[in-house]
Amino acid sequence: MRIAIVGGGIVGLTTAVSLARVGFRPTVYEAVKKPSPLGVGINVLPHAVREIAELGLLARLTAIGVSIEDLVYRMADGREVWHEPRGLSAGYDWPQVAVHRGRLQMMLLEEVQSALGPDAVRFGHALAALRLGETSTRLDFVDRETGAPLQGVDADVVIGADGIHSAVRKQFYPQEGIPKWSGVSLFRGTTLLPKGQVGALMHWTGHSRQKFAGYPISIDPQSGEIVFNWICDLKTAEAGSTPREDWNRRVDRAPLLPRYAGWQWPGIDVQQVVAAAGDVFEFPMVDRDPLPRWTHGRVTLAGDAAHPMYPIGSNGATQGILDARAVAFHLATAPDADEALARYEAERREATSRIVLTNRAHGPDKVLEIAAARAADPGTDLASVFPRAERAQISQDYKVIAGFDPVLLKQRRSYTPQGSSTIPA
Ligand SMILES: Cc1cc2nc3c(=O)[nH]c(=O)nc-3n(C[C@H](O)[C@H](O)[C@H](O)COP(=O)(O)OP(=O)(O)OC[C@H]3O[C@@H](n4cnc5c(N)ncnc54)[C@H](O)[C@@H]3O)c2cc1C
């Protein structure tokens with residue numbers, strides 16, 4: 001079966017490795033000419049780490065990231081709203097790993113090339129158009145830098161993993177337009193912290209109009225120096241506004257600093273962290289409406305192309321990794337490709353649509369919204385206005401919706417079909 005994967009991000013590459021493990025030889029077409037480790041931190045939650053482990057890549061993932069042990073939600077004045085263990089500390093069989101997005105992407109690229117050969121990823125191939133035929137699909141590519149058309153290819157199955165601005169998705173939903181902006185801008189960066197200044201902990205503080213989130217994404221094994229990834233969320237426009245065109249631009253940090261005066265807790269002084277960071281980037285918090293259908297003919301969608309979501313609840317990359325594993329599993333086990341894509345979509349589309357919508361309603365960060373609404377006055381006793389059981393329920397409900405309730409996750413069927421090969425960790 002000729003399988004074309006459009007997009008060589010985390011999802012496209014995980015799809016390629018997963019397909020290789022079950023005996024397919026897909027080709028990945030990636031728009032950029034040269035791979036480079038772009039981005040800052042992402043979280044891979046235990047339900048996706050399980051998949052990385054089944055691909056035999058767990059040791060390599062944990063070597064480039066940090067196994068997160070705790071999550072703390074706080075109000076801006078430092079009052080703790082919720083604290084829970086994460087990953088192995090929470091009883092999962094798999095850790096939660098915070099990692100630099102680019103390092104994870106490069107690790108997956110290496111694995112694709114070692115499993116499928118150096119030509120398995122064709123860089124400099126931006127998908128321009130798809131033509132659905134009776135038995136196969138024609139893919140037309142261009143060189144994005146010159147606009148020159150490149151030789152097209154025919155594929156039996158196409159998986160569109162080309163991100164939030166997906167050309168594959170646009171082919172089937174040409175009227176959809178640009179992603180939807182919540183009106184919140186995300187300012188993000190990384191800061192080097194000395195050994196031991198913060199633990200393997202995620203900090204989530206504030207509320208939807210002004211938030212700070214931070215967690216370590218690597219620790220130098222020799223010096224113990226920490227790369228601390230952080231995001232400052234600020235409401236800068238009304239929901240539904242049109243965000244600025246350049247969504248990944250470097251910005252001046254100076255206007256951020258006064259907004260975060262007094263935001264400090266043990267190990268973290270937000271002003272100091274932001275002041276000492278390398279480059280600071282801004283991009284809008286955007287998503288898209290869930291789609292009524294992902295699969296047209298033998299073309300389907302995965303990852304951000306299928307279900308871009310607000311970065312709330314740390315599920316963006318995680319859900320894409322699950323898509324990658326699910327589509328490979330069904331292609332390996334269904335009687336034919338049409339049935340495989342139907343099974344894949346049935347399993348993943350509604351599940352991810354629910355997460356997109358739940359994240360619009362603040363996802364697990366709802367505890368911060370409720371705390372801010374009921375206990376804005378620092379003298380208010382949080383426990384009396386926001387019972388612990390209610391907070392626990394919000395956390396638990398999100399885990400069920402996003403597929404990482406520890407009990408349900410242990411019970412979930414593996415995406416490794418029997419008899420397929422995994423490489424040792
Ligand atoms: C440059 C970049 C930086 C990012 N930084 C962060 C970050 O710091 N933190 C975070 O949480 N998330 C970040 N993300 C998003 C995060 O990677 C995704 O939300 C998540 O990992 C799902 O990945 P994906 O593979 O579906 O999409 P993406 O990671 O967006 O990958 C899509 C890939 O498709 C390629 N592509 C796009 N259009 C075409 C086309 N027409 N033809 C061929 N290829 C195409 C892109 O170049 C890209 O490599 C970033 C994404 C990108 C592209």
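My aim in this report is to walk through the structure given alongside it, one point at a time.

The rules we used
Residues numbered from 1 in each chain as written. Predicted model: local features only at pLDDT ≥ 70, side-chain atom pairs only at ≥ 80, totals over all residues. Heavy atoms only, no water. Pairing = 2+ DSSP bridges. Helix = DSSP H or I, 4+ residues; strand = E, 2+ residues; numbered from the N terminus. Axes fitted to C-alpha atoms, helices over the stretch in contact; angles between N-to-C directions. Contact = heavy atoms within 4.5 Å. Near = heavy atom within 4 Å. Polar contact = N/O pair within 3.5 Å; in protein donor to acceptor, adjacent residues only side chain to side chain. Areas by Shrake-Rupley, 256 points an atom, 1.4 Å probe, with all protein chains shown as cover. Nonpolar A, V, L, I, M, F, W, Y, C, P; charged D, E, K, R; others polar. Expected span 1.5 Å × (residues − 1). Bend = angle between axes of the 7 residues up to and from the residue. 1 Å grid on protein atoms, 1.4 Å probe; cavity = no way out; pocket = protein on both sides within 12 Å on 5 of 7 lines; lining within 4 Å. Points joined across faces, edges and corners; volume = space filled by probe spheres on them. Core = buried A, V, L, I, M, F, W, Y, C linked by side-chain atoms within 4.5 Å. Buried < 20%, exposed > 50% of the residue type's maximum accessible area, 1.4 Å probe, protein only. Phe/Tyr/Trp six-rings, centres within 6.5 Å; stacked < 30°, edge-to-face > 60°. Lys NZ or Arg CZ within 6 Å of the ring centre and 35° of its normal.

### Quick notes on the sheet that holds strand 16 (residues 226-235)
Inference 1: One open sheet holds the 8 strands; their spatial order is 6-5-14-15-16-13-20-17, and the pairing between them is mixed. Of all strands in the sheet, those with a lone pairing partner are strand 6 (80-85) and strand 17 (249-251), marking the two edges. Averaged over all pairs of adjacent strands, the angle between their axes in this sheet comes to 25°, without regard to strand direction.
Inference 2: In the sheet, strand 17 pairs with strand 20 (residues 280-287) via 3 bridges, with the strands oriented antiparallel. Looking across to strand 20, one finds that Val 251 is bridged to Val 280.
Inference 3: Of the strands in this sheet, strand 5 (70-74), strand 6, strand 14 (201-207) and strand 15 (210-219) are in contact with helix 10 (residues 366-374), which crosses strand 14 at around 40°.

### A few points about the site of the ligand
Inference 1: In the neighbourhood of the ligand, 28 residues make up the surrounding shell, with Glu 30, Val 40, Arg 101, Arg 188 and Asp 304 lying closest.
Inference 2: For the ligand, a nitrogen atom lies 2.8 Å from a polar atom in the backbone of Leu 127.
Inference 3: One nitrogen or oxygen atom from the side chain of Arg 188 is found 2.5 Å from an oxygen atom belonging to the ligand.
Inference 4: When the free accessible area of the ligand is taken as 920 Å², the share hidden by the protein chains comes to 82%.
Inference 5: Elements represented by at least two residues in the shell around the ligand include exactly helix 1 (10-21), strand 3 (41-44) and strand 9 (126-132).
Inference 6: For the shell around the ligand, the residue count by class is 14 nonpolar, 8 polar and 6 charged.

### Digging into helix 9 (residues 337-360)
In an α-helix, one full turn covers 3.6 residues, which means residues spaced three or four apart are oriented alike.
Inference 1: Here helix 9 is 24 residues long and its end C-alpha atoms lie 34 Å apart, about the 34 Å a rise of 1.5 Å per residue gives.
Inference 2: At Glu 345, helix 9 shows its maximal kink, close to 30°.
Inference 3: For helix 9, the N-terminal cap is Asp 336; the gap from its side-chain oxygen to the backbone nitrogen of Asp 338 is 3.1 Å.
Inference 4: His 362 occupies a position one or two residues after helix 9 and carries a positive phi of about 80°.

### Things to note about empty space enclosed by the protein
Inference 1: As enumerated under the stated definition, the model contains 3 cavities of 30 Å³ or more in all.
Inference 2: Its boundaries defined by the atoms lining it, the largest cavity holds a volume of some 130 Å³.
Inference 3: Leu 71, Tyr 73, Glu 84, Arg 86 and Pro 364 are, among the 16 residues lining the largest cavity, the residues nearest its centre.
Inference 4: Those elements that place two or more of their residues in the lining of the largest cavity are strand 5, strand 6, strand 14 and helix 12 (388-402).
Inference 5: If one sorts the elements of the lining of the largest cavity by residue count, helix 12 sits on top with 3 residues.
Inference 6: Split into classes, the residues belonging to the lining of the largest cavity amount to 9 nonpolar, 3 polar and 4 charged.

### Observations regarding the sheet that holds strand 11 (residues 149-155)
Inference 1: Pairing within the open sheet is antiparallel, and its 3 strands lie in the order 9-10-11. At either end of the open sheet lies a strand with only one pairing partner, and these are strand 9 and strand 11. Direction aside, the axes of adjacent strands within the sheet are offset by 20° on average.
Inference 2: Bridge count for strand 10 (residues 137-142) against strand 11 is 5 bridges, and the pairing is antiparallel. When the sheet's bridge partners are listed, Val 142 is paired in strand 11 with Pro 149.

### Comments concerning the nonpolar core
Where a protein is soluble and globular, its nonpolar side chains tend to be buried together.
Inference 1: By size, the foremost hydrophobic cluster in this structure holds 74 residues, and its most contacted members are Leu 104, Leu 139, Ile 159 and Leu 331.
Inference 2: What Leu 139 contacts, discounting residues up to four positions off in sequence, is Ala 4, Val 6, Leu 127, Ala 129, Leu 130, Gly 152, Val 153, Ala 155 and Val 158.
Inference 3: Within the second largest apolar cluster, 22 residues are counted, among which are Ala 98, Ala 213, Ala 371 and Ala 375.

### With respect to the packing of helix 9 against helix 12
Inference 1: Running from N to C, helix 9 and helix 12 cross one another at 145°; their axes reach a closest spacing of 9 Å. Across the interface between the two elements, Ala 351, Arg 354, Ile 355, Thr 358 and Asn 359 of helix 9 pack against Tyr 398, Ile 401 and Ala 402 of helix 12.
Inference 2: Counted by class, the contact of helix 9 with helix 12 contains 5 nonpolar, 2 polar and 1 charged residues.

### A few points about the environment of Gly 177
Inference 1: By the element assignment, Gly 177 lies in the loop between helix 5 (167-172) and strand 13 (180-193).
Inference 2: Exposure remark for Gly 177: the relative accessible area of 43% places this residue in the partly exposed category.
Inference 3: Separated by 32 residues in sequence, Gly 177 and Arg 209 place their C-alpha atoms 26 Å apart.

### Things to note about the pairing of strand 6
Inference 1: Bridge count for strand 5 against strand 6 is 5 bridges, and the pairing is antiparallel. Within strand 6, the position partnered with Val 72 by the bridge is His 83.
Inference 2: Adjacent in sequence and paired antiparallel, strand 5 and strand 6 are bridged by 5 residues, among which Gly 78 carries a positive phi angle near 100°.

### Looking at the packing of aromatic side chains
Inference 1: In this structure the tally under the stated criterion is 7 aromatic pairs.
Inference 2: Aromatic pair Trp 204 and Tyr 215: ring centres 6.3 Å apart, planes at 5°, arrangement stacked. Within this pair, whereas Trp 204 is found in strand 14, its partner Tyr 215 is found in strand 15, the two being separated by 11 residues in sequence.
Inference 3: Looking at Tyr 215, the relative accessible area reads 3%, which means it is buried.
Inference 4: Centre to centre, the rings of Tyr 398 and Phe 404 are 6.4 Å apart; their planes meet at 85°, and the pair counts as edge-to-face. For the pair Tyr 398 and Phe 404, a shared accessibility class is recorded, and that class is buried.
Inference 5: The lysine or arginine in question, Arg 391, covers the ring of Phe 386, its NZ or CZ lying 5.4 Å from the ring centre.

Geometric descriptors of this kind do not, in isolation, establish any biological role.
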